[in-house]
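# Observations on the three-dimensional arrangement
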Amino acid sequence: MISMRSAIALLLLAPALALGQAPKDEEDKVSNDNPARPLQMPPATTEVKEALDDFERFQRRSAWERALKALYTITEDQALRFVDGDSGFIIPVAQKRRQVLTALPPEGQAAYRLFYDAEAQKLFADAEGPTELANLERIYSAYFTTTIGDDAADRLGDIYFEMGRFDRAADCWLSILHDRPDTNLSPATIALKSALALARAGRRTEFDQIRADLADRYKGDKVTIGGTTAAPAELLRRLLEADPPPAALAETAGPTPAAAEASLDLGRPIEPDWQLRIAESIEAGMTPAELNQWRSNSLSDAKPAVAVEGSTLFANYLGYIVAVDLDSGKLLWRTEAFHHLENLAMQQGGQMATPGRFAILASREYVWTVARDLKDQNYMAPFHLACRRADNGELVWKSTDLPEYALFDLTGPPLLSDGTMFIPAKAQPNPQQSQPLPEQMVLAIQPHDGKLLWKREIGVFRQGQPRFYYYNMRDNSPQVRLFLRAGSLYVDTHVGVLARLDAGTGALDWGYGYKTDAPQAEMYFNMYNRVQESQAVSGRPLESGDAILVKGAQSSRLYAIDPNRMKALWERPVSKDARLLGVDDRSLYLGGQELGSLDLKTRGLSWATKLPGGSLDGAVLVRSDGLFQLTPRGIFELDPRSGDVRRIFRGQDLGSAGGDLVLTDDRLLAVSNRTITAYPRRTAGADASARGESATPKEKTSR
């Protein structure tokens, strides 16, 4: 007999569907041209699509001159626009053109080279100095299958590799191996260079395949790179030993890897080292009527966004910024006292602020915050970015003072890597331009002064700005989430598109269109203190081997894609309110109304456990030794294999709205709407003892 909990879990996380080709009407739903989709990537014109159709029609008749002429009516600015590709991917026109040209039959290839070899040869000869990169990219995009196309791709791969753009270098060399069997270049050399780029790009599966080819198919060849000559497999081994690929850079400030792996024991009573009392500061001196009014305001449930850098904790509580010494809990600096916040939060404009959009990021020198001014009574007031000095809170710059940010509303948390900050933004329509709808953008920023390095349009929303009226009817559109991988910036818009950009230049590589509902465009009118339906916060896509796992906030499906080979690996239905929490070598962990686990091999539900308040929000610690979530009833520790509650650590946060758990080298930070509490970490001996105590299935509680 199925238990009630299992029955609910089966409803929330339905079993995996049989894999196979989706019906045609299902494919149409993810087309970039489907008007029902919330976001459209920059589309190619109707003339471009007609040119591609003409090419297909003429090539079927072997009318090669007319077919190729139709293809080359496409202008270079349109080559950077997007059309539907295969398996749900949305690709640049230039990539589509290269695909159809490499697929030409021998007679088509002969005709193509007759018409376009001379032009490609001229571009290659002129690829020197400032025109080198542009000319080689032009040949690779438009003339790859000419007799000089493979040489251009090889040289372009060398340039990309030297620039640290390893994904692009690998793609150039792999295209020679896969699509140019007639190349005069040494396949062993191209394969070796591909392996080096794949290793640095972290593309493990493709690297293993190429390495196997080097040891088998090319074992009799000799390759020379950097003045060293050897068999390809041996030379690869030497090169990787001499200059091993660097570990992935951390995307955000936080605990060291040692902190993540160190023991975490909540099996014994633990007194906090210190506590920052937020609610007490706000509520001090309130009358009972004022206290009741404040606690009925949904902003009273907001928790601060936090960041840890070195020995300092930084917090952004609804735009009020504080810095706290991690060792002592001493307040180092603050922008304003919390007790000033209550009056602003009770005003209608303040109540429209969405708490989850406040964010913070820190480095040794600076701290950056995303916030909106609660004094601004404009219901649709945008969120802005500010930079302060980490040691004293002095304001360095803010986006409201910089004219290039005038039309941007920041729509997600920032990400800092290698001296560049990335942040998603929505560009509102400019009255002086013809674009009537907002655009989803990504900005690359120089962190110390706010200078825009580049900005890139991901797509255009098919609806205008949603309208929200009166009390508690905030804009709950899902936040855009970013993550970096091997020089590529991935952007989950959470409205049906996962996009990949080159982190260095902002060039938009492709998008993956997934099925999703559109965000609600208009909210109810004049509904006093209406309680909005709870929904899960948007989650960042997760990496599982070479795959990326994607679950849109408005989507009822979970996707696994291979971003490097541009393949959809599998998909399965899940609850719409499910969110991605973490993944290990066996399981994917999901939040939502319940906290659950999926088996990555079978993609079936392993377990689902209901926790107080659900798992719709808050940072859950996903570790090999347990899952830890802060709830209104304390910190729950779950067995990651069974989902059983091992113990409940009551702690000092009872009665809160739940919140985030943050792990540092020597402390566990519980961040709720009422406090930030620092608990000391336990020793390895205590951890072993705790594991022995947790062997029994009975719940344990501790303070």
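Here, every reference points to the structure presented above.
Below is a short write-up of the structure.

What counts, and at which threshold
Residues numbered from 1 in each chain as written. Predicted model: local features only at pLDDT ≥ 70, side-chain atom pairs only at ≥ 80, totals over all residues. Heavy atoms only, no water. Pairing = 2+ DSSP bridges. Helix = DSSP H or I, 4+ residues; strand = E, 2+ residues; numbered from the N terminus. Axes fitted to C-alpha atoms, helices over the stretch in contact; angles between N-to-C directions. Contact = heavy atoms within 4.5 Å. Salt bridge = Lys/Arg side-chain N within 4 Å of Asp/Glu carboxyl O. Buried < 20%, exposed > 50% of the residue type's maximum accessible area, 1.4 Å probe, protein only.

### Examining the sheet that holds strand E3 (residues 89-92)
- Reading across the sheet, the six strands line up as E2-E3-E23-E22-E21-E20 and stay open at both edges, with antiparallel pairing between neighbours. Of all strands in the sheet, those with a lone pairing partner are strand E2 (82-84) and strand E20 (481-485), marking the two edges. The mean inter-strand angle of the sheet, taken between neighbouring strand axes irrespective of direction, is 25 degrees.
- Relative to strand E23 (residues 508-513), E3 runs antiparallel, the two being bridged by two bridges. Residue pairing for E23: Phe 89 is matched across the bridge by Tyr 512.
- On top of the sheet, helix H6 (residues 93-102) reaches E2, E3 and E23; it is set at about 90 degrees to E3, its chief contact.
- Here helix H10 (residues 166-179) sits on the sheet and contacts E20, strand E21 (488-492), strand E22 (497-502) and E23; the angle it forms with E22, its principal contact strand, is near 90 degrees.

### Considerations on the sheet that holds strand E26 (residues 557-562)
- Strand order across the open sheet formed by four strands is E24-E25-E26-E27, with antiparallel pairing between neighbours. Strand pairing shows two members of the sheet lacking a second neighbour, strand E24 (542-544) and strand E27 (567-573), which therefore form its edges. Adjacent strand axes in the sheet meet at a mean angle of 25 degrees when their direction is disregarded.
- The sheet contact formed by E26 and E27 spans six bridges and is antiparallel. Each residue of the ladder has a partner; that of Ile 561, found in E27, is Ala 568.

### Description of the pattern of salt bridges
- Evaluation of the coordinates by the stated rule reveals 43 salt bridges.
- A salt bridge links Asp 154 to Lys 193, with the nearest nitrogen and oxygen atoms 2.7 Å apart. Residue Asp 154 is located in helix H9 (residues 149-163), and its partner Lys 193 is located in helix H11 (residues 187-201); the two are separated by 39 residues in the primary sequence. Exposure class is identical for Asp 154 and Lys 193. Each is buried.
- For Glu 543, the salt bridge identified is with Arg 485, shortest N-O distance 3.1 Å. Residue Glu 543 is found in strand E24, and its partner Arg 485 is found in strand E20; the two are separated by 58 residues along the sequence.

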